[in-house]
Every structure is written in structure tokens, then in C-alpha cells.
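Each chain, letter by letter, is given below.
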Amino acid sequence: MAALHLVPGTATTPADERPTSRPRGRSPGVTLRELGPDETDVLDTVFAGLSDHSRYLRFHGATPRLRGAVRRTLAAVDGRRHIAVAAVGPDGEPIGIARLIGLGLREAELAIEVVDAWQGRGIGRRLLAAVAVLGREQGYSRLVADVLTVNTGMRVLLASVLPILTVETDGHETTLTADLRAGTPAFVAA
Ligand SMILES: CC(C)(COP(=O)(O)OP(=O)(O)OC[C@H]1O[C@@H](n2cnc3c(N)ncnc32)[C@H](O)[C@@H]1OP(=O)(O)O)[C@@H](O)C(=O)NCCC(=O)NCCS
């Protein structure tokens with residue numbers, strides 16, 4: 001990708017949050033920006049801030065370190081098929097990432113993580129709303145999230161931002177699909 005493709009603040013609805021937005025709500029001083037390719041330092045910093053439990057929820061298994069192939073895949077952001085947004089704390093440290101990876105022309109898979117020290121402060125919701133805006137701009141109409149069935153937080157978070165279309169549980173894995181065409185609700189901006 002030639003440029004970082006930062007998106008100017010021309011929201012299609014007042015509720016949309018875009019990268020480079022101003023700090024707000026329960027997370028003052030936290031800003032969002034679109035991630036560019038090969039920003040492995042950001043990946044590593046966020047991964048280092050995840051507890052073993054958060055890594056388990058994010059990667060669906062014990063993940064003591066980011067292995068080469070996975071790390072390379074996560075760094076291969078192109079702003080179109082693979083979109084990522086990072087949250088940056090007041091001290092400039094990355095504290096969370098949300099990403100969409102296209103599964104086809106209209107569907108994209110969602111993954112998101114917030115470092116433990118910042119969980120429960122609205123960062124995940126902001127990241128999800130922001131990456132949803134970018135995904136919609138790229139023509140995706142549905143998000144697919146494969147989550148551990150025990151991951152109530154992620155399930156509640158997704159349902160609080162986008163309308164859920166389907167929920168399929170197969171043992172310890174649950175797949176949710178969400179409608180990306182719907183605008184993010186007003187309380188996302190709160
Ligand atoms: C899931 C995760 C991304 C949520 O991020 P977060 O910044 O902690 O979430 P927020 O503070 O934005 O929460 C937004 C809403 O989600 C819901 N939510 C978040 N965590 C929750 C939990 N543990 N239990 C129930 N609801 C929860 C709440 O409705 C919350 O709104 P409220 O605080 O106004 O009630 C974060 O906890 C995380 O990184 N977990 C580990 C990795 C992971 O599970 N990733 C998802 C799999 S891809």
C-alpha cells in the first residue's frame with residue numbers, strides 16, 4: 001500500500017467513528033488510526049499487553065508468542081482486503097487493534113483485541129465502529145466473527161454495535177454474522 005490511507009472526517013452518519021477521531025468518553029486521550037502494512041511494532045506491543053487469558057480468547061488457544069506466519073499475516077494490511085485500525089493511548093503506546101480480512105467480495109472476518117489494562121473502557125467498541133466504517137467503504141456488507149462460545153464480552157460487544165444476522169454454535173466455537181450495511185447506533189459515539 002503506497003500510503004497509510006488515513007480517512008478524512010467525513011462521516012456518513014453522526015454515529016460513525018473514523019480513524020484519527022478525537023478522544024472521547026471513558027477513554028480520554030485515546031485516538032484511533034488506520035494501520036499500515038508491516039507495522040509489526042504495533043502488533044508486538046498490543047500482543048505484549050494481552051494476558052494469557054486474552055490471548056486465549058483472541059487466538060482460540062494458548063498463544064505465548066506471535067509465531068512467524070501468524071505475525072506476517074497480521075502485518076499484511078493493505079487497506080482493502082485486509083483493513084486494520086489501531087487505538088493509541090495518551091502516551092503514544094498502541095493499546096488495541098481491530099481488523100477485517102475479506103472472505104469474499106461482500107464478507108469479511110473480524111478480529112479485535114484490547115490490552116488488558118485498557119479493557120472495559122470503551123476502546124473495543126470504538127475500534128469496532130471504526131473498522132466497520134472502513135469495511136463498509138470497501139464494499140463489505142457482512143462481518144463474520146468466530147469467537148469462543150465462552151467469550152461473552154465479544155458477543156455482547158458485537159451485538160451492541162451491529163445487528164446480528166446469525167449465530168451458530170458448534171461446541172466451544174460460535175460464529176456470528178453481523179449486518180455491516182446498518183449504520184452504527186448513536187450510543188457508539190458516547
Ligand atoms: C472483547 C474485547 C475486544 C472488548 O474490548 P473492550 O475495550 O474491553 O470493550 P468495551 O469496553 O468497548 O465494551 C463495549 C461493550 O461490550 C460489552 N462487553 C465488553 N466486555 C464485556 C464482558 N467481559 N462481559 C460482558 N459484556 C462485555 C459491554 O456491553 C460493553 O459496554 P458497556 O461497558 O457500556 O457495558 C476485549 O475484552 C479483548 O480484547 N478481549 C480479549 C481478546 C478477545 O476476546 N477478542 C475477541 C475475539 S476476536
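Conventions adopted
- Each chain has its residues counted from 1, running along the sequence as written.
- Given that the model is predicted, a residue must reach a pLDDT of at least 70 before its local features are reported, and side-chain atom pairs must reach 80 or more before they are shown or counted; all residues, however, enter totals for whole chains, interfaces and linings.
- We define a nonpolar core as a collection of buried residues of the types Ala, Val, Leu, Ile, Met, Phe, Trp, Tyr and Cys that are connected via C-beta atoms lying within 7 Å of each other.
- Put plainly, a residue is buried at 20 or more neighbouring C-beta atoms within 10 Å of its own, exposed at 12 or fewer, and partly exposed in between, counting only other residues' C-beta atoms, which are placed from the backbone.
- Only runs of H or I of at least four residues qualify as helices and only runs of E of at least two qualify as strands under DSSP, and these elements are numbered from the N terminus.
- We call two residues in contact if the C-beta atoms placed from their backbones are at most 7 Å apart.
- Every residue carries a pLDDT, the predictor's confidence in it, which falls somewhere between 0 and 100.
- Pairing between two strands is assigned when DSSP locates at least 2 bridges connecting them.
- Angles shown run from 0 to 180 degrees and are taken between the N-to-C directions of axes, each axis being a line fitted to C-alpha atoms and, for helices, limited to the stretch in contact.
- Helices are assigned an expected span. That span is 1.5 Å times one less than the residue count.

Undergrad: Describe in detail the nonpolar core, supporting the description with residues and values.
TA: Grouped together as the largest cluster of nonpolar side chains are 46 residues, with contacts concentrated most on V85, A98, L127, A130 and V131. No other element matches helix 4 (residues 123-137), which puts nine residues into this core. Once residues within four sequence positions are removed from consideration, V131 is found in contact with I83, V85, A98, R99 and L100.

Undergrad: I'd like a rundown of the confidence of the model for the protein, residues and numbers included.
TA: Looking at the protein as a whole, its pLDDT mean stands at 87, while 83% of the residues score no less than 70. Confidence drops under a pLDDT of 50 for residues 1-15, and excluding neighbours within four residues, the segment shows 28 contacts in the predicted structure.

Undergrad: Provide a residue-level description of the sheet that holds strand 7 (residues 173-179), including the pertinent values.
TA: Backbone hydrogen bonds hold the strands of a sheet together, and the pairing may be parallel or antiparallel. Read across the sheet, seven strands follow the order 1-2-3-4-5-7-6 without closing on themselves; strand pairing throughout is mixed. The two strands at the open ends of the sheet, each matched to only one other strand, are strand 1 (31-34) and strand 6 (164-170). Strand after strand, the sheet turns through a mean of 20° between neighbouring axes, direction not considered. Here helix 4 sits on the sheet in contact with strand 1, strand 2 (82-88), strand 3 (94-102), strand 4 (107-114) and strand 5 (142-148), set at roughly 35° to strand 3.

Undergrad: So what's going on with helix 4? Residues and values would help.
TA: Compared with the 21 Å implied by 1.5 Å per residue over 15 residues, the 21 Å span of helix 4 between its first and last C-alpha is a close match. Across the 15 residues that make up helix 4, a large majority, 13, are buried. Once helix 4 finishes, G139 follows within two positions and takes phi at roughly 95°, a positive value.

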